[in-house]
Amino acid sequence: MPVPQRVNFLVVGILPAHESLVENGATSLFNRIRSNWEFRECESFGRLSMRAKILNLKSQEVWVKEVIKNLSEFRKRRIAPLLLSILWLCAIAWVGFLWNLGNIGLVDETEPLFAEAARQMTVRGDWITPYFNGETRFDKPPLIYWLMAVAYRTLGVNEWAVRLPSALCAIGLTCLGFYTLSKEEGRRKKEEGRQNEEEAKSPPSDTPRLGHSPNLPIFFSTPWIGAALIALNPQTIAWGRTGVSDMLLVGCMCSALLAFFLGYTLEEQREKAELSPLSASRFPNKWYLTFYVLIALAILAKGPVGIVVPALIVGSFGLYLGNFRQLWREMRPVSGILIILAIALPWYILVILDNGQTYIDSFFGYHNFQRFTGVVNKHSAPWYFYFFVVLVGFAPWSIYLPVAIARTRFWQRSYWRRQPRSAQLSLFALFWFGCIFGFFTIAVTKLPSYVLPLIPAAAILVTLLWSDIIAGNEPENRRIKLEKKPNSLPRGLLATYIFNVVFLLIIAGATFYCYNWLGDDPAMPNFPQAIQQSGLLIVGGTIWIITAVAIALLLWKRQQRWILVANLIGLVAFIIFGLTPAYKVVDINRQLPLRQLAQVAVQQKLPGEEFIMVGFWKPSLVFYTQEPVTYYRSVTKAIDYIKESKNPTSPSILLLGYPEKFVQLGLQPNQYQLLDSRGAYQLARVPRQAFR
């Protein structure tokens, strides 16, 4: 039950016992208490007793007992939905992020870089400058390394500890999204209650009431749908299970944006409650403070983008609504900047003092400015790249995004400026989505993970669309006076429903035949045959075909609200029976041979013997051997290095590479000792004299 309804319940329960108060003209006092309860959510005996004394109520003791009785009944009525919501969030978190989190090895090439940098941070005791393989690593700020290091101390150095920070960030974002959407649902129910009161006072009409929310099961509620859409999509699941800084940035940045909107609506609630605005004080309200703290953490997670993008979103949102100056006063930016600097600046000062211009050029120059203005590491793509990323990365919900965006009516600026702040969540989500999409489309370097922060905004937009579909609501400018048939299909959504079926059939076909496109990785040449023989492609494709057929039947039966459930069940089934087992097949063919050879190398390595990898870059070897590894992609450079290096303590080296690399190095089988061969790799001990 939302807070406003809770207040109505309390006041209605109290007033019959104190009718004399109304007769004495105390109605206004009760209205003030009601407003204060709506904002402060007072439930304790002490606070209620204090308010009774202020009003000089004669029957104070009876009044307070009546309130406590009503509160007790309220708690009994709320305990079941609360427990179900907690169980729902736990189920989402388990399926999306925690189940089998550490059951596969680290995936080359990015994940081991973060994992090993965090491990070396704990070994070296240097919590300022990150290192990998004995060299400084200035790609990312230290927050992800710190969190991994804490997990190492708690869980040990393993895959679970590497990925746990990302999983917890995804779970935290999902929970805050659930809370924000629960506020939106409360606002909608309050608005519906107000409409019911107005209709009760007005004379009866032959025109049917549109936009009525039926008494639906709890799993059709807005926060339940929103939590599922925020968490259960390919992009969020993939990065929430990967030990890199992307999900940490998303968790901090997107949680900050949700905190901003909660603070934005909180100011409106204070004004309605006739309380003094916090904007008149030195500090912003609690949610704005949370916004600033999370922005500082986002800067420590991935750098300046953690503040540039949220500032762009909030600023454009305020300018569109024409309340930017008011927002500026409310948010107290001077205090906010001081908070951000106090949290984020010390590490940047210390790392610059330790490393000087080298750090500035590498982090700010190469990994930030140059990524935006030029192509880095050959990560280029056409301007329409992110349209495909969002379509696939947010599937199957992405097909509803165009309709969800259109239903915001963002072109009607005067309409939105008349709306209360609490009713502007969809507009804010649209600015959130559009600013991130446009910002990274302009950037020259492009990667799929760059638009990960817009996924929660897309989830909110689609959630609000489905809430309207399930409740039978239509926008005001589309309402008609003709009576509608029960469960009739909205005409504007019919094409989207049909495309939902076609899209799932396309995914099913791609799943059946994708083994033909999986033979490009030389690290797992037998993977196409392995994945085909596992039967997982048939299972995955069949799941999507069944889902498409189910949606087609629901369309035929005019049961459109169950289309959401069909999509969700199909996605969860694909995750459990198709995607997660496929991870294991990939690990067995791609990463397991390297882990096994790393163990052999640790056992066979002689004192002072150098470990060299030729032809490819697999940083997981450094993590699993916990020893330095020398990498050379070029065979010629590897030969030159071995010839020029002088190591009197060891006359041999450990060499890891593809069999053809040994041939390219000019080595004959009788010139080296083959220690082991796994997958596409072989490990050998080679005398240095073989290269003379």
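Relevant structure appears above.
The structure reproduced in this document is the subject of the present report. (Residues numbered from 1 in each chain as written. Predicted model: local features only at pLDDT ≥ 70, side-chain atom pairs only at ≥ 80, totals over all residues. Heavy atoms only, no water.)

### Examining the overall build of the protein chain
In terms of helices and strands, the protein chain carries 28 helices and 7 strands. Within the protein chain, the proportion of its 692 residues that are buried is 52%. Taking contacts inside the protein chain between residues at least 6 apart in sequence as the whole, the part at least 24 apart equals 77%. Surface summary for the protein chain: the accessible area is close to 32,600 Å², and the carbon and sulfur share equals 61%. (Helix = DSSP H or I, 4+ residues; strand = E, 2+ residues; numbered from the N terminus. Buried < 20%, exposed > 50% of the residue type's maximum accessible area, 1.4 Å probe, protein only. Contact = heavy atoms within 4.5 Å. Areas by Shrake-Rupley, 256 points an atom, 1.4 Å probe, with all protein chains shown as cover.)

### Here we look at unusual backbone geometry
A cis amide bond, omega 15°, links aspartate 108 with the succeeding residue glutamate 109. Tracing the backbone shows glutamate 109 in the loop between helix H5 (60-98) and helix H6 (111-124). The omega angle of the peptide bond from alanine 395 to proline 396 is 0°, so this bond is cis rather than trans. As for its placement among the helices and strands, proline 396 is situated in the loop between helix H17 (385-393) and helix H18 (401-406). One non-glycine residue, asparagine 133, lies in the positive phi region at around 55°. Tracing the backbone through its elements, the reader meets asparagine 133 in the loop between strand S1 (131-132) and strand S2 (135-136). With a phi angle near 55°, glutamine 626 is a residue other than glycine that sits in the positive phi range. Along the chain, glutamine 626 turns up in the loop between helix H26 (620-625) and strand S4 (630-632).

### Some words on the packing of aromatic side chains
Inspection of every chain in the model, using the stated rule, returns 51 aromatic pairs. Measuring from ring centre to ring centre gives 6.2 Å for phenylalanine 324 and tryptophan 328, while their planes differ by 35°; the resulting arrangement is tilted. Of this pair, phenylalanine 324 and tryptophan 328 are both found in helix H14 (residues 324-331), 4 residues apart, which corresponds to roughly one turn of the helix. Each ring, one from tryptophan 347 and one from tyrosine 359, has its centre 5.8 Å from the other, and the planes form 85°; the classification is edge-to-face. Here tyrosine 359 lies in helix H16 (residues 357-373) and tryptophan 347 lies in helix H15 (residues 333-355), a separation of 12 residues in the sequence. Three or more aromatic residues joined by ring pairs form one cluster here, namely Phe260, Phe261, Tyr264, Tyr288, Phe291, Tyr292, Phe317, Tyr320, Phe428, Phe431 and Trp432. (Phe/Tyr/Trp six-rings, centres within 6.5 Å; stacked < 30°, edge-to-face > 60°.)

### Some thoughts on the nonpolar core
Core analysis: the largest hydrophobic core is formed by 151 residues, its most contacted members being Phe260, Phe291, Trp432, Phe433, Val462 and Trp466. Considering each element in turn, this core owes the most residues, 16 residues, to helix H11 (residues 246-272). Ignoring anything within four residues of it in the chain, the contact list for phenylalanine 260 reads Tyr288, Phe291, Val314, Phe317, Leu327, Met331 and Phe428. The next biggest cluster of nonpolar side chains, apart from the first, holds 22 residues, and it includes Ala523, Phe611, Tyr631 and Leu675. (Core = buried A, V, L, I, M, F, W, Y, C linked by side-chain atoms within 4.5 Å.)

### Some details on the packing of H11 against helix H12 (residues 286-302)
Contact geometry for H11 and H12: axes closest at 8 Å, N-to-C directions at 165°. When the axis of H11 is compared with that of H12, the two are roughly antiparallel. The element H11 and its partner H12 pack so that their crossing is left-handed. Within the contact of H11 with H12, the residues separate by chemical class into 19 nonpolar, 3 polar and 4 charged. (Axes fitted to C-alpha atoms, helices over the stretch in contact; angles between N-to-C directions. Parallel < 35°, antiparallel > 145°, perpendicular 65-115°, else oblique. Left-handed = near helix turned anticlockwise from the far one by under 90°. Nonpolar A, V, L, I, M, F, W, Y, C, P; charged D, E, K, R; others polar.)

### With respect to the pairing of strand S6 (residues 673-678)
Two elements, S6 and strand S7 (residues 681-687), share 5 bridges in a ladder whose sense is antiparallel. Its bridge partner being in S7, glutamine 673 is matched across the sheet by arginine 685. Connecting S6 to the next strand, S7, in antiparallel fashion are 2 residues, including glycine 679 with a positive phi near 60°. (Pairing = 2+ DSSP bridges.)

### Here's the deal with the pattern of salt bridges
Scanning all chains against the criterion turns up 15 salt bridges. A salt bridge links arginine 685 to glutamate 609; the shortest N-O distance between them is 2.8 Å. In this pair, arginine 685 is assigned in strand S7 and glutamate 609 in the loop between helix H25 (561-604) and strand S3 (610-614), connecting sequence segments 76 residues apart. The pair formed by arginine 685 and glutamate 609 is uniform in burial state, with each residue classed as buried. In the salt-bridge network here, residues are joined through shared partners; they are Glu184, Arg187, Arg188, Arg407 and Asp468. (Salt bridge = Lys/Arg side-chain N within 4 Å of Asp/Glu carboxyl O.)

### Remarks on the packing of H12 against H14
Between H12 and H14, the least distance of the axes is 10 Å, while the angle of their chain directions is 85°. Comparing their axes, H14 and H12 come out roughly perpendicular. On the side of H12, the interface is formed by Tyr288, Phe291 and Tyr292, while H14 contributes Leu327, Glu330 and Met331.

### A look at the environment of valine 444
Examined against the element boundaries, valine 444 turns out to sit in the loop between helix H20 (425-442) and helix H21 (455-471). Between the alpha carbons of valine 444 and phenylalanine 372 there is a distance of 5.5 Å; along the sequence they are 72 residues apart.

### Thoughts on the side chain of serine 245
Mapped onto the elements, serine 245 comes out in the loop between helix H10 (234-240) and H11. Exposure remark for serine 245: the relative accessible area of 0% places this residue in the buried category. Setting aside its immediate chain neighbours within four residues, serine 245 contacts Phe114, Lys140, Ile144, Ala301 and Lys302.

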